[in-house]
Amino acid sequence: MTAVEAPTRVSVTAGPLVGPVLRRVVGMFAARADLPLDRLDDAVLVADLVAARAPAHVMDATVDVALASSTRSLDLRVGPLRAGGGRALVIDAAVPGVGNVIERLADGLEIETEGEQEFLRVRLAYSGAD
Amino acid sequence: MAGDTSSSHAPFRGGRITDSGHRDLGSGARSSRAVAALDSDIRLTLPARPENVALVRDVLGALAEAEGLPARVTDDMRLAVTEACTNVVRHAYGGGEGTIDVSMRPTGDALEVIVADEGRGLGSSADTGGPGLGMPLIAALTDSLEVERGRSTGSRLTMSFLRTRAMEPA
């Protein structure tokens with residue numbers, strides 16, 4: 001896989017299904033991106049954190065994530081989130097004694113604003129040797 | 001789905017099967033995208049590519065697990081939805097690019113799965129000369145099936161699966 005795919009969009013009503021669905025979808029996309037196992041685990045951990053924390057910051061009652069993978073790279077775009085929700089979601093992902101997990105795992109972290117909405121873009125990649 | 005036109009003759013479990021026939025799902029009516037956007041617990045919008053059928057199956061597994069569905073129902077649901085998605089990949093866009101829209105929603109004693117596309121709708125397919133077993137298979141595996149199709153604005157299959165089923169004759 002060399003070209004960037006058209007994004008896949010996942011929308012799950014905030015509740016117990018968000019985690020199981022997101023971790024499966026993100027895990028599959030990480031595998032397609034040919035990320036090594038440790039980065040695949042990182043991607044699933046990010047998915048779990050988004051699933052756990054995003055419902056408090058979404059615009060409505062659903063957690064929406066757009067995914068796109070390319071060679072050894074996975075992009076997640078979480079949102080729409082409420083104003084300030086992008087940063088709040090990242091802060092909420094902090095774990096005592098560990099620090100901010102999303103910030104530590106992501107190769108790129110960006111908050112995009114569209115009117116009243118925000119989107120958190122998280123990029124995980126692998127550039128190391130095989 | 002575009003390769004199958006025999007839904008009205010399909011065997012089915014005993015629920016209802018409705019073929020809404022050719023309807024304009026575009027302007028003046030609900031588009032397939034808008035229709036699939038009804039309240040649902042899970043919605044996936046994916047490029048209509050073979051590898052994404054596996055993704056849909058995986059998500060169905062998550063839903064079935066969370067809902068505690070019996071293995072038999074889960075298997076039937078996976079097979080029927082796989083067939084519906086495969087039909088979209090194979091037939092809906094004539095080899096071009098397009099999307100599959102899948103919505104999954106618990107509805108009381110059943111679980112409803114909607115597979116929609118924005119392709120050329122149901123109809124005969126130039127690349128299949130076979131009997132078109134897809135739709136009869138889907139009908140046999142579902143407890144109810146509703147088919148809506150537009151001439152050029154896509155199609156939508158609404159499949160319902162009861163959580164528990166009466167014992168079936170061997």
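That block above? That's the structure.
Residues numbered from 1 in each chain as written. Chains lettered and ligands numbered in written order. Predicted model: local features only at pLDDT ≥ 70, side-chain atom pairs only at ≥ 80, totals over all residues. Heavy atoms only, no water.

> Could you give me a rundown of the overall build of chain B, with the residues and numbers involved?
What chain B contains, in helices and strands, is 4 helices and 6 strands. Counting from the amino terminus, chain B carries its helices and strands in the arrangement β-α-β-α-α-β-β-α-β-β. Across chain B, contacts joining residues at least 24 apart in sequence account for 76% of those joining residues at least 6 apart. Of the roughly 7400 Å² that chain B leaves accessible, carbon and sulfur atoms contribute 51%. (Helix = DSSP H or I, 4+ residues; strand = E, 2+ residues; numbered from the N terminus. Contact = heavy atoms within 4.5 Å. Areas by Shrake-Rupley, 256 points an atom, 1.4 Å probe, with all protein chains shown as cover.)

> Outline the overall build of chain A, listing residues and values.
When you go through chain A residue by residue, the secondary structure sums to 4 helices and 7 strands. Listing each helix as α and each strand as β along chain A from the N terminus yields β-α-α-β-β-α-β-β-α-β-β. Here chain A has a C-alpha radius of gyration of 14 Å; the compact-globule value for 130 residues is 14 Å, and the two agree. With the C-alpha coordinates aligned to their principal axes, the bounding extent of chain A is approximately 40 × 35 × 30 Å. Long-range contacts, defined here as pairs at least 24 residues apart, represent 67% of the contacts in chain A between residues at least 6 apart. Carbon and sulfur atoms make up 54% of the accessible area of chain A, which totals about 5800 Å². When the 13 basic and 18 acidic side-chain charges of chain A are each reduced to a single mean position, those positions are 3 Å apart. (Rg over C-alpha atoms; globule rule 2.2 N^0.38 Å. Lys, Arg positive; Asp, Glu negative; His and termini not counted. Charge placed at Lys NZ, Arg CZ, Asp CG, Glu CD.)

> Report on the packing of aromatic side chains, specifying residues and quantitative values.
Residue and element names in this part refer to chain A. Within this structure, the stated rule accounts for 0 aromatic pairs over all chains. A cation sits over an aromatic face here: Arg32 above Phe29, 4.9 Å from the ring centre. Lying across the ring of Phe119, Arg77 places its NZ or CZ 3.8 Å from the centre. (Phe/Tyr/Trp six-rings, centres within 6.5 Å; stacked < 30°, edge-to-face > 60°. Lys NZ or Arg CZ within 6 Å of the ring centre and 35° of its normal.)

> Got a sec to walk through the environment of A:Asp34? Specific residues and values, please.
Relative to the helices and strands, A:Asp34 is located in the loop between helix H1 (18–32) and helix H2 (37–53). Once the C-alpha coordinates of A:Asp34 and A:Ser69 are considered, the two residues, 35 residues apart in sequence, prove to be 9.3 Å apart.

> How would you sum up helix H4 (residues 134–141) of chain B? Please name residues and give values.
Burial within H4(B) is extensive, with 6 of its 8 residues counted as buried. Looking at H4(B), one finds that the buried residues are B:Gly134, B:Met135, B:Pro136, B:Ile138, B:Ala139 and B:Leu141. (Buried < 20%, exposed > 50% of the residue type's maximum accessible area, 1.4 Å probe, protein only.)

> Explain the interface of chain B and chain A to me, using residue names and the numbers behind them.
Every contact between the two is made by 21 residues of chain B and, on the other side, 17 residues of chain A. In this assembly, chain B packs against chain A so that about 1500 Å² is buried in total across both faces, 58% of it on carbon and sulfur atoms. In terms of surface lost to chain A, no three residues of chain B exceed B:Asp41, B:Thr45 and B:Leu55, which account for 28% of the buried area on that side. Summed over the shared surface of chain B and chain A, the number is 2 salt bridges. With its nearest N and O atoms 3.9 Å apart, the salt bridge here joins B:Asp58 to A:Arg24. Summed over the shared surface of chain B and chain A, the result is 6 residue pairs in polar contact (both at pLDDT 80 or more). Elements represented by at least two residues in the side of chain B that touches chain A include exactly strand S2 (42–47) and helix H2 (50–67) of chain B. Its residues assigned to classes, the side of chain B that touches chain A comprises 10 nonpolar, 4 polar and 7 charged. For strand S1 (residues 8–13) of chain A and S2(B), the ladder comprises 4 bridges, and the chain directions are antiparallel. Each residue of the ladder has a partner; that of A:Ser11, found in S2(B), is B:Arg43. (Buried area = accessible area lost by both parts, 1.4 Å probe. Salt bridge = Lys/Arg side-chain N within 4 Å of Asp/Glu carboxyl O. Polar contact = N/O pair within 3.5 Å; in protein donor to acceptor, adjacent residues only side chain to side chain. Nonpolar A, V, L, I, M, F, W, Y, C, P; charged D, E, K, R; others polar. Pairing = 2+ DSSP bridges.)

> Let's hear about the environment of B:Arg149: which residues, and what values?
Residues and elements named next belong to chain B. Looking at the secondary structure, you find Arg149 in strand S5 (residues 144–149). A relative accessible area of 13% means that Arg149 is categorised as buried. When the C-alpha atoms of Arg149 and Arg120 are compared, they prove to be 8.9 Å apart, with 29 residues separating the residues in sequence.

> Tell me about the packing of H2(B) against helix H3 (residues 71–92) of chain B, residues and numbers included.
Residues and elements named next belong to chain B. At a minimum axis distance of 9 Å, the contact between H2 and H3 shows a crossing angle of 155 degrees. With respect to H3, the element H2 is oriented roughly antiparallel. Here H2 runs over H3; the crossing is right-handed. In this structure, H2 contributes Pro50, Val53, Val56, Arg57, Leu60, Gly61 and Ala64 to the contact, and H3 contributes Thr74, Met77, Arg78, Val81, Thr82, Cys85, Thr86 and Val89. Class assignment of the residues belonging to the contact of H2 with H3 gives a composition of 9 nonpolar, 4 polar and 2 charged. (Axes fitted to C-alpha atoms, helices over the stretch in contact; angles between N-to-C directions. Parallel < 35°, antiparallel > 145°, perpendicular 65-115°, else oblique. Left-handed = near helix turned anticlockwise from the far one by under 90°.)

> Go over the pairing of strand S2 (residues 62–70) of chain A with me, naming the residues and quoting the values.
Side chains on a regular strand alternate between the two faces of the sheet. Residue and element names in this part refer to chain A. In terms of residue burial, S2 counts as a mostly covered element, since 9 of its 9 residues are buried. Across the two faces of S2 the burial is the same, with Thr62, Asp64, Ala66, Ala68 and Ser70 and Val63, Val65, Leu67 and Ser69 all buried. By the bridge criterion, 6 bridges tie S2 to strand S3 (residues 73–81) in an arrangement that is antiparallel. Directly across from Ala66, in S3, lies its bridge partner Arg77. Two successive antiparallel strands, S2 and S3, enclose a turn made up of 2 residues, where Arg72 displays a positive phi of approximately 55 degrees.

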